[in-house]
Amino acid sequence: MEDSRAPTLRDALRASPAEAYRDFFRLQERLRDEGDVARARELAEELWAVLPELAFDSGEDRARFHHNVAVFFGSPGEAADLSRARTCFAVAMDWWREPEDSGWHARVLHNFATALSNLGTTSSELEEAVDLFVRALEWRTGEREIARAVTLHHLGLAWRKFGELAPERAGEALEKSAAALAEAAEIRARHGLAEGHALSLFHLAVSLERAGSAEAASRFEEAAAAFDRLGMEAQAEISRKRADAVR
């Protein structure tokens, strides 16, 4: 008798992992917008359960797939799970062990660090994130400035969070946070990346504010002006209020 049952996510993933994952991710975005938390979690559990069964055409295909799944589980949201993300990132890192022309080694390091920075709750997890960002910067040099600025921006956020979780080292952490964000802002300004420049300026100001620096007010004003030029009125107003508060 012909099986009339509707194909499930598991069936689709077994048949074509990459294509099914793209559909899964789009569905997760829709469910998030609709607020259907239960269904989103159910599908995430189904993805995790079937993952060990999936077959790939090559080791690189397997690594790419696990990297994408790692980014999903490593992002804030209802399905966020740092342990699962770590497991999947390990597969990708095992394949791209050394820097190569495609930049996948640095990409994996950056995204793993971002997951740790976003979801980590201990100083050791944030210290690990910082180390991974620094390793990514060994490839994302001045020859790859736009990617370098992205990593520097996130490194600045990670240092700041590390300082919150390790208050005995807050002074050092905030100094390094400000340095990373200042370099990110400078690169983004030079390349005309207006929104990224504004965001880096704002977070630079936040780190300076936390450090008690008198420079924070002027940096908040710069961020407000940058947001104004982009028509981002709410962000500009927040920046101006922060500037007034620290004067």
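On a predicted model such as this, the values are computed, not experimentally measured, just so you know. (Residues numbered from 1 in each chain as written. Predicted model: local features only at pLDDT ≥ 70, side-chain atom pairs only at ≥ 80, totals over all residues. Heavy atoms only, no water.)

Draft legend 1. Structural detail: the packing of aromatic side chains. This model, assessed by the stated rule, comprises 12 aromatic pairs. Here the aromatic rings of Tyr 21 and Phe 24 are separated by 5.6 Å at their centres, their planes lie at 35 degrees, and the arrangement is tilted. Linking Tyr 21 with Phe 24, this pair stays in helix α2 (residues 17–34), spanning three residues, or about one helical turn. There is no split in this pair, since Tyr 21 and Phe 24 are both buried. Here the aromatic rings of Tyr 21 and Phe 25 are separated by 6.2 Å at their centres, their planes lie at 35 degrees, and the arrangement is tilted. Pair noted here: Tyr 21 and Phe 25 are both in helix α2, with a separation of four residues, about one helical turn. Through successive ring pairs, a cluster of aromatic residues spans Tyr 21, Phe 24, Phe 25, Trp 48, Phe 56, Phe 65, Phe 72 and Phe 73. (Phe/Tyr/Trp six-rings, centres within 6.5 Å; stacked < 30°, edge-to-face > 60°. Helix = DSSP H or I, 4+ residues; strand = E, 2+ residues; numbered from the N terminus. Buried < 20%, exposed > 50% of the residue type's maximum accessible area, 1.4 Å probe, protein only.)

Draft legend 2. Expanded view of the confidence of the model for the protein. Taken as a whole, the protein shows an average pLDDT of 95; of its residues, 97% reach a score of 70 or greater. A low-confidence stretch, residues 1–5 (pLDDT under 50), is modelled with one contact involving residues beyond four sequence positions or located in other chains. (pLDDT = per-residue confidence, 0-100. Contact = heavy atoms within 4.5 Å.)

Draft legend 3. Examining the environment of Leu 51 more closely. Position of Leu 51 among the secondary structure elements: in the loop between α3 (37–50) and α4 (59–73). Of the residues examined, Leu 51 reaches a relative accessible area of 8% and is grouped as buried. Along the backbone, Leu 51 and Arg 135 are 84 residues apart, and their C-alpha atoms lie at a distance of 28 Å. Residues within four places of Leu 51 in sequence aside, it is in contact with Phe 65, His 66 and Cys 88.

Draft legend 4. Inspection of the nonpolar core at higher detail. Counting 51 residues, the largest nonpolar core has Leu 13, Leu 47, Phe 65 and Phe 72 as its most contacted members. Beyond its immediate sequence surroundings of up to four residues, Phe 72 is in contact with Tyr 21, Phe 24, Phe 25, Gln 28, Ala 44, Leu 47 and Ala 79. One finds Ala 205, Phe 227, Met 232 and Ala 236 within the second-largest nonpolar core, a separate group that totals 13 residues. (Core = buried A, V, L, I, M, F, W, Y, C linked by side-chain atoms within 4.5 Å.)

Draft legend 5. Geometry of α2. Between its first and last C-alpha, α2 extends 25 Å over 18 residues, near the 26 Å set by a 1.5 Å rise per residue. All of the buried residues along α2 are Pro 17, Ala 20, Tyr 21, Phe 24, Gln 28 and Leu 31. Seen from one end, α2 has its buried residues packed into an arc of 100 degrees, which puts them on one side. Those residues of α2 hidden inside the fold are in contact with α1 (9–15), α3 and α4. Following α2 by one or two positions, Gly 35 adopts a phi angle in the positive range, close to 75 degrees. (Expected span 1.5 Å × (residues − 1). Arc of directions from axis to C-beta.)

Draft legend 6. Layout of the layout of surface pockets. Taken as a whole, the largest pocket encloses approximately 320 Å³ of empty space. Taken together, 16 residues form the lining of the largest pocket, with Gln 28, Arg 32, Phe 72, Gly 77 and Glu 78 sitting closest to its centre. Contributions of two or more residues to the lining of the largest pocket are made by α2 and α3. Ranked by the residues each element gives to the lining of the largest pocket, the list is headed by α2, at five residues. Looking at the lining of the largest pocket, its residues break down into eight nonpolar, four polar and four charged. (1 Å grid on protein atoms, 1.4 Å probe; cavity = no way out; pocket = protein on both sides within 12 Å on 5 of 7 lines; lining within 4 Å. Points joined across faces, edges and corners; volume = space filled by probe spheres on them. Nonpolar A, V, L, I, M, F, W, Y, C, P; charged D, E, K, R; others polar.)

Draft legend 7. Structural detail: the packing of helix α6 (residues 104–119) against helix α7 (residues 123–137). One can describe the packing of α6 onto α7 by two numbers: an axis separation of 8 Å at closest approach and a directional angle of 160 degrees. The orientation of α6 relative to α7 falls into the category roughly antiparallel. Judged by the sense of rotation from one axis to the other, the crossing of α6 with α7 is left-handed. Here α6 contributes His 105, Ala 106, Leu 109, His 110, Phe 112, Ala 113, Thr 114, Leu 116 and Ser 117 to the contact with α7, which in turn contributes Glu 125, Leu 126, Glu 128, Ala 129, Leu 132, Phe 133, Arg 135 and Ala 136. A breakdown of the residues in the contact of α6 with α7 according to their chemical character gives 10 nonpolar, four polar and three charged. (Axes fitted to C-alpha atoms, helices over the stretch in contact; angles between N-to-C directions. Parallel < 35°, antiparallel > 145°, perpendicular 65-115°, else oblique. Left-handed = near helix turned anticlockwise from the far one by under 90°.)

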